[in-house]
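Each chain, letter by letter, is given below.
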Amino acid sequence: MLWRILPHATACVASDTLFLLDVRQDRYFRVPAAASPDMLAWLDRNYAGVVPKAVTDTLVRARILRQGDPEPTNVLKEGVRVPAGLDTSDTLKPGNGRPFRVAMSVAGMRLSLRTFSLHHILTGIQSRAPLPRRGQAALAEAQAFERARRMVPVARNCLLDSLALERWLAKRGLGSQLVFGIAPEPFAAHCWLQTPDAILNDSFDHVSGFTPILAI
């Protein structure tokens, strides 16, 4: 379960600890133990209401809530199911002629990440018209992308590769869900792409160790 408390900020509970993600600052926050009970009680309500001052103070101190922002909300809750995946290796055929195009896609996204904020890039994804999330077709395209990606001499990075693949699929009329997750001890963050049927660029064994904190 995750909460969208502001257009740019989400929350989740991992190992009994409350975490916040502010994409505007591109930062994860561990809510201090002293402030967690008030915020958790607010998030766990089944109704909207006045935001407790303790919650507002916590968000202001972290600069997550600033002048001009809308009032935080506790009612936008979302469950994210991580699919076990589909084994289609026997039916998919290697893609041909893709390395150059995949290299351009990865390089283009690397340039975007250096030029624009993560908030800007994610807002662009959210503002697009929804695309069909066809698991089999998306997985076939993702696996062909991965085969070509191995020949691209750019260091791997889960954010870079997930965003490059997301854009690659979107250009081909295929939708996907971009998921950000955290692991609390020791803290680690990760992101991946999935459809309702399959994880597109990772394994279930790996991503199941992360608690989703944002899904787009």
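Owing to the predicted nature of the structure, the values given are computational and were not obtained by experimental measurement.

### Looking at the nonpolar core
Right, so step 1: Leu122, Leu163, Leu165, Phe180, Leu200, Ile213 and Leu214 are the most contacted members of the largest nonpolar core, which totals 47 residues.
Right, so step 2: Take this core: its biggest share by element is 7 residues, from helix H6 (residues 158-171).
Right, so step 3: Listed in part, the 19 residues of the second largest apolar core include Trp3, Val51, Val55 and Ile64.

### Quick word on the state of the cysteines
Right, so step 1: The tally for this structure, following the rule as stated, stands at 0 disulfides.
Right, so step 2: Residue Cys12 stays outside any disulfide, its sulfur separated by 15 Å from that of Cys191, the closest cysteine.
Right, so step 3: Cys158 carries a free sulfur, and the closest cysteine sulfur to it, the one in Cys191, is 3.8 Å from it.
Right, so step 4: With a relative accessible area of 26%, Cys158 lands in the partly exposed category.

### Considerations on the pattern of salt bridges
Right, so step 1: Summed over the entire model, instances satisfying the criterion amount to 10 salt bridges.
Right, so step 2: We note a salt bridge from Arg98 to Glu141, for which the minimum N-O separation is 2.5 Å. Taken as a pair, Arg98 in the loop between strand S5 (77-78) and helix H3 (99-115) and Glu141 in helix H5 (residues 135-149) lie far apart in primary sequence, 43 residues in all. For the residue pair Arg98 and Glu141, the accessibility class agrees, reading buried in each case.
Right, so step 3: Arg128 serves as the salt-bridge partner of Glu166, at 2.2 Å between the closest nitrogen and oxygen.

### Quick notes on the sheet that holds strand S2 (residues 9-14)
Paired through backbone hydrogen bonds, the strands of a sheet run either parallel or antiparallel to each other.
Right, so step 1: Taken in spatial order, the 5 strands make up an open sheet running S4-S3-S2-S1-S5, and their pairing is antiparallel. Of all the strands in the sheet, just strand S4 (27-30) and S5 have a single pairing partner and so form its edges.
Right, so step 2: In the sheet, strand S1 (residues 2-6) pairs with S5 via 2 bridges, with the strands oriented antiparallel. By the bridge assignment for S5, Trp3 is matched with Lys77.
Right, so step 3: Across the face of the sheet, helix H1 (residues 36-43) comes into contact with S1, S2, strand S3 (17-22) and S5 while running at roughly 75 degrees to S3.

### A few points about the pairing of S4
Right, so step 1: Judged from the 4 bridges that link them, S3 and S4 form a sheet pairing that is antiparallel. Bridge pairing in S4 links Asp22 to Arg27.

So, how was this worked out
- Residues numbered from 1 in each chain as written.
- Predicted model: local features only at pLDDT ≥ 70, side-chain atom pairs only at ≥ 80, totals over all residues.
- Heavy atoms only, no water.
- Core = buried A, V, L, I, M, F, W, Y, C linked by side-chain atoms within 4.5 Å.
- Buried < 20%, exposed > 50% of the residue type's maximum accessible area, 1.4 Å probe, protein only.
- Helix = DSSP H or I, 4+ residues; strand = E, 2+ residues; numbered from the N terminus.
- Disulfide = S-S within 2.5 Å.
- Salt bridge = Lys/Arg side-chain N within 4 Å of Asp/Glu carboxyl O.
- Pairing = 2+ DSSP bridges.
- Contact = heavy atoms within 4.5 Å.
- Axes fitted to C-alpha atoms, helices over the stretch in contact; angles between N-to-C directions.

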